[in-house]
Amino acid sequence: MNRWSDRLGSIVSMALLGGLAAASYLLSEWALQPDWQRASADRAGPTALVYGATIVRTNRDGLPDQRTQTPEIEQFADGQSLFKSPVVVILRPDRPPVTVTADKGSVSADQSLVTLRQKVVVTRQAFGTDPSIRVETESLAFFVNEDIARTADPVMIYRGTSTLYGVGMTLNQKTDQMTILADSRMVLPRQK
């Protein structure tokens with residue numbers, strides 16, 4: 001019986017010694033972790049702030065096809081970004097650029113959806129026989145992979161001297177085709 005109690009005492013002593021060693025190791029790793037790493041792991045807010053940013057997206061040939069400028073970007077741990085006062089310029093070789101401004105913007109974590117909010121204005125200068133265009137709405141979602149922009153909010157479209165009102169809009173960026181989804185009304189200037 002004495003042998004059994006000696007073995008049991010040895011096993012318990014070894015288990016306690018192993019547990020003490022593991023606890024010491026974990027405590028030392030936690031103590032050596034930088035303060036910024038512990039703080040960012042517990043934080044719910046942005047993980048990075050970028051000031052005065054210009055982001056350029058290129059096409060397959062490596063030429064710029066979109067430029068985004070913003071005074072501030074907040075980057076979050078999940079990959080989502082928030083923009084303040086973004087200005088997006090869509091560059092096209094055969095037509096004038098399209099400029100989009102807003103008070104706020106966000107980019108999804110996978111960067112497939114760009115959403116602009118509050119005082120969204122889309123402009124394009126006249127070219128050829130097409131008059132200038134100005135679109136005003138409160139939100140606009142750009143589906144990057146599809147080159148489509150959509151809103152469910154009321155829109156006002158100024159095309160040359162005519163004005164079109166409606167609710168909801170889809171814009172195909174490849175063809176410049178705009179579709180008003182509901183309640184459309186057009187105001188044409190008087191003919192002289």
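See the structure printed just above.
Calculation rules
- Residues numbered from 1 in each chain as written.
- Predicted model: local features only at pLDDT ≥ 70, side-chain atom pairs only at ≥ 80, totals over all residues.
- Heavy atoms only, no water.
- Helix = DSSP H or I, 4+ residues; strand = E, 2+ residues; numbered from the N terminus.
- Buried < 20%, exposed > 50% of the residue type's maximum accessible area, 1.4 Å probe, protein only.
- Contact = heavy atoms within 4.5 Å.
- 1 Å grid on protein atoms, 1.4 Å probe; cavity = no way out; pocket = protein on both sides within 12 Å on 5 of 7 lines; lining within 4 Å.
- Points joined across faces, edges and corners; volume = space filled by probe spheres on them.
- Nonpolar A, V, L, I, M, F, W, Y, C, P; charged D, E, K, R; others polar.
- Phe/Tyr/Trp six-rings, centres within 6.5 Å; stacked < 30°, edge-to-face > 60°.
- Lys NZ or Arg CZ within 6 Å of the ring centre and 35° of its normal.
- Pairing = 2+ DSSP bridges.
- Salt bridge = Lys/Arg side-chain N within 4 Å of Asp/Glu carboxyl O.
- Polar contact = N/O pair within 3.5 Å; in protein donor to acceptor, adjacent residues only side chain to side chain.
- Core = buried A, V, L, I, M, F, W, Y, C linked by side-chain atoms within 4.5 Å.
- Patch = residues over 30% accessible without salt bridge, like charges linked within 9 Å, V, L, I, M, F, W, Y side chains within 5 Å.
- Areas by Shrake-Rupley, 256 points an atom, 1.4 Å probe, with all protein chains shown as cover.

Peer 1: Teacher, can you tell me more about the overall build of the protein chain here?
Peer 2: Helices and strands together make up the secondary structure of the protein chain, namely two helices and 11 strands. Going from the N terminus to the C terminus, the protein chain shows its helices and strands as α-α-β-β-β-β-β-β-β-β-β-β-β. For the protein chain, buried positions account for 28% of its 192 residues. For the protein chain, restricting intrachain contacts to residue pairs at least 6 apart in sequence, the fraction spanning at least 24 positions comes to 31%.

Peer 1: Which parts of the structure should I look at to understand the layout of surface pockets?
Peer 2: Its volume calculated, the largest pocket comes out at about 660 Å³. In terms of lining residues, the largest pocket is bounded by 27 residues, among which D65, I90, L91, R92 and D147 are the most central. Of all the elements in the fold, those that place two or more residues in the lining of the largest pocket are β1 (48–58), β2 (64–75), β7 (113–124) and β8 (133–143). Considering only residue class, the lining of the largest pocket consists of 11 nonpolar, five polar and 11 charged. Residue lining of the second largest pocket: 23 residues in total, with I55, Q66, T68, V107 and V114 positioned closest to the centre. Classifying every residue of the lining of the second largest pocket gives 12 nonpolar, nine polar and two charged.

Peer 1: Teacher, can you tell me more about the packing of aromatic side chains here?
Peer 2: Each aromatic ring pair is specified by the distance between its two centres and by the angle formed by the two planes. Under the definition given, this model contains zero aromatic pairs. Geometry around F143 places R150 over its ring, the cationic atom sitting 5.2 Å from the centre.

Peer 1: So what exactly am I meant to see when it comes to the pairing of strand β4 (residues 87–90) here?
Peer 2: It is a general feature of regular strands that their side chains alternate between the two faces of the sheet. In the sheet, β2 pairs with β4 via four bridges, with the strands oriented antiparallel. The residue of β4 that forms the bridge with T68 is V88. As defined by bridge partners, β4 adjoins strand β5 (residues 98–101) across four bridges and the pair is classed as antiparallel. Residue pairing across strands places V88 opposite V100, the latter belonging to β5.

Peer 1: Just to check I follow, could you spell out the pattern of salt bridges for this structure?
Peer 2: Pairing between side chains of opposite charge can happen when their charged atoms approach one another. The tally for this structure, following the rule as stated, stands at five salt bridges. Notably, a salt bridge pairs R57 with D65, separated by 3.3 Å at the nearest N-O pair. Classification of R57 as partly exposed rests on a relative accessible area of 30%. D65 gets classed as buried once you look at its relative accessible area, which sits at 18%. A salt bridge links E136 to R134; the nearest nitrogen and oxygen atoms lie 2.7 Å apart.

Peer 1: Explain the side chain of S139 here, please?
Peer 2: With respect to the helices and strands, the residue S139 is situated in strand β8. A distance of 2.6 Å separates polar atoms of two side chains, one belonging to S139 and the other to D153. The contacts of S139, once residues within four sequence positions are left out, are L116, R117, V120, T151 and D153.

Peer 1: What should I look at first to understand the nonpolar core in this one?
Peer 2: Side chains of a nonpolar character, in soluble globular proteins, are inclined to be buried together. With 19 residues, the main nonpolar core has V100, L140, F142, I157 and M169 as its most contacted residues. Of all the secondary structure elements, the ones that give two or more residues to this core are β4, β5, β7, β8, β9 (148–159) and β10 (162–172). The contact partners of M169, leaving out residues within four places of it in the chain, are V135, L140, A149, R150, T151, V155, I157, M178, T179, I180 and L181.

Peer 1: Please explain a nonpolar patch on the surface as it appears in this structure.
Peer 2: A cluster of nonpolar residues, L8, V12 and L16, forms a patch on the protein surface that exposes about 290 Å² of accessible area. When you line up the elements, L16 lands in helix α1 (residues 2–32).

Peer 1: Sorry if this is basic, but what is going on with unusual backbone geometry here?
Peer 2: Glycine aside, the phi torsion of most residues is negative, and most peptide linkages are trans. The backbone of S85 sits at a positive phi, close to 45°, despite the residue not being glycine. Here S85 lies in the loop between β3 (81–84) and β4. Since its relative accessible area comes to 39%, S85 is described here as partly exposed. The backbone of Q118 shows a phi angle near 65°, a positive value even though the residue is not glycine. With respect to the element layout, Q118 can be found in strand β7. Residue Q118 is classed as partly exposed on the basis of its relative accessible area, which comes to 35%.

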